[in-house]
Amino acid sequence: MGLPTTIAIDGPAASGKSTLGSLLAKELGYLYFDTGVMYRAVTLAVIRAGLDVAAEEAVGKLAGDVRIDVSPPSVDDGRDYDVLLDGEDVTWEIRADAVNDYVSDISVYAAVRKAMTDQQRRIAKENKVVMVGRDIGTVVMPDADLKIYLDASVEVRAQRRYDEMVARNQPSDYDDVLRSLKNRDQIDSNRELAPLKPADDAVVINADDLGILDVLEKAKELVYRV
Ligand code: CDP
């Protein structure tokens, strides 16, 4: 048995899964694909179109109509990739508070999930990949060679996300961040379709007391042992 060629990393918001995914993909020379950016890009498109997030049919249709591309970084400003929405660079805009506020509501819709999942499966088929999200090990790549579920308490995650925002000069407030994460956790974990949960065969890592390099070490042990 060689190395795993498909690796799924799931977990709640700000658990460190994107950083882990990016580092692990670099280590292995695989494609790193952060599926959250697709849901964020659709959400931005919905906001820009002035659609009501409760308008399921219109939102679902828009999700099928927009073109989202994730490609290697074209600007050296700390980004891991470019996110293009119908050709426009929206890499930073998808991190705005308005997107955080609505992304989980939109991610509940079946038509949105289908449009995103189809594209993610195509990418998984064509590449050696580390794919990161909420439902990668359960729905998108149920046959992934290695599944990691990265967890941490909501307070630790809120502190991490708050620090990230401050480092990016994005004004923010710890209590607001905490409230927003709790709200997203609640919606992501309780939705009917593809809820956030570890796959039965996932290895759960709790990152409360682990720095990102400790988490990476644990993940590498799993990779080289499979
Ligand atoms: O980066 P952060 O952990 O804050 O979130 P994200 O990974 O960018 O995902 C944003 C939102 O998209 C999540 O809160 C979910 O509602 C949704 N999402 C999803 O439903 N399924 C995925 N595979 C990835 C994200």
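Residues numbered from 1 in each chain as written. Predicted model: local features only at pLDDT ≥ 70, side-chain atom pairs only at ≥ 80, totals over all residues. Heavy atoms only, no water.

### Digging into empty space enclosed by the protein
Argument step 1. A complete count under the given rule lists one cavity of 30 Å³ or more for this structure.
Argument step 2. Taken together, D10, G137, K147, I148, Y149, K197, P198, A199 and A202 make up the full set of residues lining the largest cavity.
Argument step 3. Across the lining of the largest cavity, the residue classes tally to five nonpolar, one polar and three charged. (1 Å grid on protein atoms, 1.4 Å probe; cavity = no way out; pocket = protein on both sides within 12 Å on 5 of 7 lines; lining within 4 Å. Points joined across faces, edges and corners; volume = space filled by probe spheres on them. Nonpolar A, V, L, I, M, F, W, Y, C, P; charged D, E, K, R; others polar.)

### Describing the side chain of D10
Argument step 1. For D10, the location among the structural elements is in strand β1 (residues 6–10).
Argument step 2. Buried and unpaired, D10 has no salt bridge, with R134 as the nearest side chain of opposite charge at 6.8 Å.
Argument step 3. Those residues in contact with D10 that lie beyond four places of it in its chain are K17, G133, R134, D135, I136, G137, I148, Y149 and L150. (Helix = DSSP H or I, 4+ residues; strand = E, 2+ residues; numbered from the N terminus. Buried < 20%, exposed > 50% of the residue type's maximum accessible area, 1.4 Å probe, protein only. Lys, Arg positive; Asp, Glu negative; His and termini not counted. Salt bridge = Lys/Arg side-chain N within 4 Å of Asp/Glu carboxyl O. Contact = heavy atoms within 4.5 Å.)

### Overview of the sheet that holds strand β8 (residues 203–206)
Argument step 1. Strand order in this open sheet of five strands is β2-β6-β1-β7-β8, and the pairing throughout is parallel. Looking at strand neighbours, the two that pair on one side only are β2 (31–34) and β8, the edges of this open sheet. Adjacent strand axes in the sheet meet at a mean angle of 20 degrees, parallel and antiparallel pairs treated alike.
Argument step 2. Alignment of β1 against strand β6 (residues 129–133), held across five bridges, turns out to be parallel. Each bridged residue has a counterpart across the sheet, and for D10 the counterpart in β6 is G133.
Argument step 3. Of the strands in this sheet, β1, β7 (146–151) and β8 touch helix α9 (residues 212–225), which is tilted by about 160 degrees from β7. (Pairing = 2+ DSSP bridges. Axes fitted to C-alpha atoms, helices over the stretch in contact; angles between N-to-C directions.)

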